[in-house]
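# A structural walkthrough
Each chain, letter by letter, is given below.
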Amino acid sequence: MDCLKITQITDLHLGPDGNSILAGVNTLDSFKAVLQALDTQGRGDDLLLLSGDLSAKSTAETYILLNQLLLENDKQVIWLPGNHDDFDLMREGLINYPPSPVTEMGNWGILTLDSSQSGTPIGHISDEQLRQVKVGLEKLAGKAVLIAMHHSPVEVGCRWLDTQKIQNAGSLYDLLIEHGNVKAVLTGHVHQQFDGVWGELALHTAPSSCIQFKKNSDDFAVSGEPPGYRWLDLRADGVIVTGVEFIDGFNQSPDVQNTGY
Ligand SMILES: [Fe+2]
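Residues numbered from 1 in each chain as written. Predicted model: local features only at pLDDT ≥ 70, side-chain atom pairs only at ≥ 80, totals over all residues.

### Some remarks on the overall build of the protein
The secondary structure content of the protein amounts to six helices and 13 strands. Once the C-alpha set of the protein is aligned to its principal axes, its extents read approximately 45 × 40 × 35 Å. Counting across all 261 residues of the protein, residues that qualify as buried make up 43%. Pairs at least 24 residues apart make up 72% of the contacts formed inside the protein by residues separated by at least 6 positions. (Helix = DSSP H or I, 4+ residues; strand = E, 2+ residues; numbered from the N terminus. Buried ≥ 20, exposed ≤ 12 C-beta atoms within 10 Å, placed from the backbone. Contact = placed C-beta atoms within 7 Å.)

Written out as structure tokens, the structure is:
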């Protein structure tokens with residue numbers, strides 16, 4: 001069956017040059033390794049969904065560097081901000097990839113949201129975002145819809161990360177349920193795979209393209225897992241087939257003794 005192919009890459013934590021390290025991993029090297037793996041897996045032409053924390057410290061140069069890299073690799077990209085990002089700098093730096101709150105492709109539509117708020121890693125949905133989602137859902141009536149945002153609205157089993165889930169997700173949920181055509185919600189931020197539900201909606205998170213957080217940990221902890229990504233096949237009948245891959249043979253090991261970032 002014909003399907004739309006998407007790859008979610010999340011929490012890149014890139015720096016303004018090629019030398020940014022997070023818990024022992026060079027984040028530009030690991031992002032490039034993910035792009036290479038997509039080519040190897042026959043997913044090099046997928047639409048990329050970059051689900052936040054594209055930068056480590058919201059520097060303008062980071063987004064310019066990323067824009068260049070994506071362009072050189074001939075990628076189609078949609079993106080959304082995370083708590084480590086600055087939306088205005090993203091828009092200015094990712095000059096070849098304008099913001100795309102609503103994307104229409106065949107029988108499918110993708111809505112991207114900004115769940116970040118400045119000065120805190122805790123997720124939040126503003127009234128303006130709710131309004132945009134309402135407009136987006138009306139535009140996508142009759143299509144199968146995928147929702148993407150940085151923060152999870154549900155707990156994933158890591159106590160320290162679960163305190164950062166979206167605090168006011170109830171009104172968003174009501175809106176998403178109202179139209180009956182939202183097929184799944186994708187998020188980043190938690191640096192690990194999680195497949196669960198948010199009420200009646202399927203919810204999937206993805207591993208980071210650099211380091212992973214240890215599952216089921218009470219406090220900050222890095223796992224030894226390599227960089228990863230989530231792939232999705234959006235079938236014409238509205239069914240999503242999805243899975244997660246980790247990069248084989250990546251030559252940098254995360255520092256599992258790291259105590260914060
Ligand atoms: Fe984040």
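Text resumes after the structure shown.
### Structural notes on the sheet that holds strand β6 (residues 102-105)
The six strands lie next to each other as β6-β7-β8-β9-β11-β10, forming an open sheet whose pairing is mixed. Edge positions in the sheet fall to β6 and β10 (194-198), since each of these pairs with one other strand and no more. Averaged over all adjacent pairs, the angle separating strand axes in this sheet is 20°, with direction ignored. Here β6 runs beside strand β7 (residues 108-112); their pairing, made up of four bridges, is antiparallel. Among the inter-strand pairings, V102 is bridged to a residue of β7, identified as L111. (Pairing = 2+ DSSP bridges. Axes fitted to C-alpha atoms, helices over the stretch in contact; angles between N-to-C directions.)

### Quick notes on the nonpolar core
In terms of nonpolar packing, the biggest core is built from 61 residues, with W79, V145, L146, I147 and A148 touching the most fellow members. Beyond its immediate chain neighbours, meaning those up to four positions away, A148 contacts L49, S51, L80, I110, T112 and L186. (Core = buried A, V, L, I, M, F, W, Y, C linked by C-beta atoms within 7 Å.)

### As for the pairing of strand β12 (residues 228-235)
Sheet topology places strand β1 (residues 3-9) next to β12; six bridges connect them, and they run antiparallel. Bridged to K5 within β12 is D233. With seven bridges connecting them, β12 and strand β13 (residues 240-246) associate as antiparallel partners. Bridged to R230 within β13 is V244. Between β12 and the antiparallel strand that follows it, β13, lie four residues; G238 among them carries a positive phi value of about 90°.

### As for unusual backbone geometry
The phi torsion at H189 lies on the positive side, around 75°, for a residue other than glycine. Within the secondary structure, H189 sits in the loop between β9 (182-187) and β10. On the neighbour-count criterion, H189 (30 C-beta atoms within 10 Å) is buried. Although it is not a glycine, H191 adopts a positive phi angle of roughly 50°. Inspection of the secondary structure assignment puts H191 in the loop between β9 and β10.

### What to know about the sheet that holds strand β4 (residues 47-51)
An order of β5-β4-β1-β12-β13 is seen for the five strands of this open sheet, with the pairing classed as mixed. The outermost strands of the open sheet, each flanked by one partner alone, are β5 (76-80) and β13. The average undirected angle you get between the axes of adjacent strands in this sheet is 20°. Relative to β4, β1 runs parallel, the two sharing four bridges. Paired with Q8 across the bridge in β4 is L49.

### Description of the packing of helix α4 (residues 127-139) against helix α6 (residues 170-178)
Closest axis-to-axis distance for the α4/α6 pair is 10 Å, and the angle between their directions is 5°. Considering the angle they form, α4 stands roughly parallel to α6. For the pair α4 and α6, contact is made by L130, V133, K134 and L137 and by S171, L172 and L175, respectively. Grouping the amino acids of the contact of α4 with α6 by side-chain chemistry returns five nonpolar, one polar and one charged. (Parallel < 35°, antiparallel > 145°, perpendicular 65-115°, else oblique. Nonpolar A, V, L, I, M, F, W, Y, C, P; charged D, E, K, R; others polar.)

### Thoughts on the environment of K215
The topology assignment puts K215 in the loop between β11 (201-205) and β12. C-alpha separation for the pair K215 and V156, spaced 59 residues apart in sequence, amounts to 8.4 Å. Apart from residues no more than four positions distant in its own chain, K215 is found in contact with G157, C158 and Q192.

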